[in-house]
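Breakdown of the fold
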Amino acid sequence: MSTRISIQRVDFDLSSEVTALKTSAVGAIVIFTGTVRGDDGLSSLILEHYPGMTEREIARHVEEANGRWPLLGVTVIHRIGKLTTGENIVLVGVASAHRQAAFEAAEFLMDYLKTRAPFWKSEERHGSARWVEARGSDDAALSRWRRAD
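Residues numbered from 1 in each chain as written. Predicted model: local features only at pLDDT ≥ 70, side-chain atom pairs only at ≥ 80, totals over all residues. Heavy atoms only, no water.

So, about the sheet that holds strand β6 (residues 88–96). Overall, mixed pairing links the four strands, which are arranged β1-β4-β6-β2 in an open sheet. Each edge of the sheet is formed by a strand with only one pairing partner; in this case those strands are β1 (2–8) and β2 (28–35). Between one strand axis and the next, the sheet turns by 5 degrees as a mean value, whatever way the strands run. When β1 meets strand β4 (residues 71–79), the two strands line up parallel, connected through seven bridges. In the sheet register, glutamine 8 faces β4, and the bridge partner there is arginine 79. Sheet contacts for helix α2 (residues 53–68): β1 and β4; angle to β1, the most-contacted strand, approximately 150 degrees. (Pairing = 2+ DSSP bridges. Helix = DSSP H or I, 4+ residues; strand = E, 2+ residues; numbered from the N terminus. Axes fitted to C-alpha atoms, helices over the stretch in contact; angles between N-to-C directions. Contact = heavy atoms within 4.5 Å.)

This is the structure in C-alpha cells:
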C-alpha cells in the first residue's frame, strides 16, 4: 500500500492528489476535503501541531485502516497555520479495489482526525479568538469504529 502523510502550510492540488492514488488495481478512490466555513462570523482558524508526533499518530491510524480494509493507497494532508474562510484544511484520499472499503476507510480516518489527531485549533470570530473544545458528536462518530475484543 502506498501512503502519503503531509502536515503543511501550503494548499494542496486535488487533481494531483487523485492522480497520485490511481494505479491499474484501483477500482475506487474516495476523497474527502474539509474547508474553513464562514458560519457565525468565523473569519479564520489557526491550526497548530506537534511536529513528528502528529505524523506518527496519523501513520498509526492509517496502518489500522489498512488492517481493517484492503487498501491500495492512502493520502492524508492536513494544513497548519492561519487559514481563512473557504480555504482547504484537510484532505483524506483512500484507494481500494472496491468502493465500500474506500468509503469506510475514509470515514474512519476522518473520524480519527477530527477527534484524536494531535492538532490544536483556535477560531477567530468578530475580532476575538478562542480555542476549540472537543465535541461530543465527534466522539460519538468515532465510537462506531471501536472493535469488541
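Still to come is the rest of the account.
Our next topic: the pattern of salt bridges. Enumeration over the complete set of coordinates arrives at nine salt bridges. For glutamate 87, the salt bridge goes to arginine 79, with nearest N and O atoms at 3.5 Å. We classify glutamate 87 as partly exposed; its relative accessible area is 25%. Given a relative accessible area of 5%, arginine 79 falls into the buried group. Residue lysine 82 is joined to glutamate 124 by a salt bridge in which the shortest nitrogen-to-oxygen separation is 3.4 Å. A residue pair is termed long-range when its members are at least 10 positions apart, and lysine 82 in strand β5 (residues 81–84) and glutamate 124 in strand β7 (residues 119–125) qualify at 42 residues. Beyond isolated ion pairs, a larger network of salt bridges with shared partners links Asp11, Arg79 and Glu87. (Salt bridge = Lys/Arg side-chain N within 4 Å of Asp/Glu carboxyl O. Buried < 20%, exposed > 50% of the residue type's maximum accessible area, 1.4 Å probe, protein only.)

The topology assignment puts tyrosine 50 in the loop between β3 (42–49) and α2. Between the alpha carbons of tyrosine 50 and histidine 78 there is a distance of 13 Å; along the sequence they are 28 residues apart. Not counting the four nearest positions on each side in its chain, tyrosine 50 is found in contact with Glu55, Pro118 and Trp120.

Take the environment of glutamate 107 next. Within the fold, glutamate 107 resides in helix α3 (residues 99–115). Classification of glutamate 107 as partly exposed rests on a relative accessible area of 39%. Between the C-alpha atoms of glutamate 107 and valine 94, which are 13 residues apart in sequence, the distance is 9.7 Å.

This part is about the environment of glycine 93. Here glycine 93 is to be found in strand β6. For glycine 93, a relative accessible area of 0% translates into the label buried. When the C-alpha positions of glycine 93 and valine 76 are compared, they lie 6.5 Å apart, and in sequence the two are 17 residues distant. Excluding anything up to four places from it in sequence, glycine 93 contacts Leu21, Val30, Ile31, Gly73, Val74 and Thr75.

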